[in-house]
Amino acid sequence: MDMDMSLHFGEREKILFSWWKTGSFSGMAVSMLISFLLCILYEAIKSFRYFLAVWNNQKRQQRHAEASITNPQNSGGDTISEDSVHIAPLVQLSGFTRRLFTSYRLAQGALYGLQALLAYALMLIVMTYNMNLILSIVVGEAVGYFLFTGNPLVDQHLTDCC
């Protein structure tokens, strides 16, 4: 099956995988629904990453404020002593690696990977040049934006963090 390299409104399409084929109106409708839902999921992940960033920042500021109140002389340092952590010498964590491998950063990395995977999958669906699928993706992105962002002031921060 050759791929049509111009915009078209056909019902017969191979989408992303050899087993994801459409041959009827109902098959195309289901594929459009799946594409639409993938767009909403993409926007939800992007918004959730922003929510996690704001939540982590507030938590960090609260911890810093509590640390400066309880111990004003050591407000900028780490409160955990290196001697209190007993780890084999080959896998000892320094202050840098402790800050690098936090659960927040690992979650952000995993969510970003999933977001990038969805973005590439959606791009490849658009590259089928099928206008039915392209329109479902455009509408899905618009609905996802409306549901999870929808505020230009929030958009400014989304471009900064994501």
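Use the structure listed above.
As the structure is a computational prediction, the values presented were derived from the model and not from experiment. (Residues numbered from 1 in each chain as written. Predicted model: local features only at pLDDT ≥ 70, side-chain atom pairs only at ≥ 80, totals over all residues. Heavy atoms only, no water.)

Digging into the side chain of Asn132
Then comes step 1: With respect to the element layout, Asn132 can be found in helix α4 (residues 131-148).
Then comes step 2: What makes Asn132 buried here is its relative accessible area of 16%.
Then comes step 3: A distance of 3.4 Å separates the side chain of Asn132 from the backbone oxygen of Gly10, its partner in a polar contact.
Then comes step 4: Beyond its immediate sequence surroundings of up to four residues, Asn132 is in contact with His8, Phe9, Gly10, Met28 and Met32. (Helix = DSSP H or I, 4+ residues; strand = E, 2+ residues; numbered from the N terminus. Buried < 20%, exposed > 50% of the residue type's maximum accessible area, 1.4 Å probe, protein only. Polar contact = N/O pair within 3.5 Å; in protein donor to acceptor, adjacent residues only side chain to side chain. Contact = heavy atoms within 4.5 Å.)

A closer look at the packing of aromatic side chains
Then comes step 1: Evaluation of the coordinates by the stated rule reveals 2 aromatic pairs.
Then comes step 2: Taking the centre distance of 5.0 Å and the plane angle of 5° together, the rings of Phe17 and Trp19 count as stacked.
Then comes step 3: Ring geometry for Phe48 against Phe51: centres 6.2 Å apart, planes inclined by 25°, an arrangement best described as stacked. A residue pair is termed a helical-turn pair when its members lie 3 or 4 positions apart in one helix, as Phe48 and Phe51 do in helix α1 (residues 25-70) at 3 residues.
Then comes step 4: Using a relative accessible area of 40% as the deciding quantity, one classes Phe48 as partly exposed. (Phe/Tyr/Trp six-rings, centres within 6.5 Å; stacked < 30°, edge-to-face > 60°.)

Quick notes on the side chain of His8
Then comes step 1: Topologically, His8 is positioned in the segment before β1 (13-14).
Then comes step 2: Side-chain polar atoms of His8 contact the backbone oxygen of Ser6, separated by 2.9 Å.
Then comes step 3: With near-sequence residues (within four places) excluded, His8 lies in contact with Glu13, Thr128, Tyr129, Asn130, Met131 and Asn132.

Regarding the packing of helix α3 (residues 103-126) against α4
Then comes step 1: Put simply, α3 and α4 touch, their axes get as near as 8 Å, and they point 145° apart. Note on element contacts: α4 touches α3 through Leu133, Ile134, Ile137 and Glu141, opposite Leu122, Ile125 and Val126.
Then comes step 2: Among the residues making up the contact of α3 with α4, the classes are represented as 6 nonpolar, no polar and 1 charged. (Axes fitted to C-alpha atoms, helices over the stretch in contact; angles between N-to-C directions. Nonpolar A, V, L, I, M, F, W, Y, C, P; charged D, E, K, R; others polar.)

Overview of unusual backbone geometry
Then comes step 1: For Leu16, which is not glycine, the phi torsion reads 60° and is therefore positive.
Then comes step 2: Summarising the element assignment, Leu16 is placed in the loop between β1 and β2 (21-22).
Then comes step 3: Among the residues examined, Leu16 registers a relative accessible area of 34% and is labelled partly exposed.
Then comes step 4: A positive phi angle, near 65°, is found at Tyr129, a position not held by glycine.
Then comes step 5: Turning to its location among the elements, Tyr129 is positioned in the loop between α3 and α4.
Then comes step 6: Note on Tyr129: relative accessible area 27%, which makes it partly exposed.

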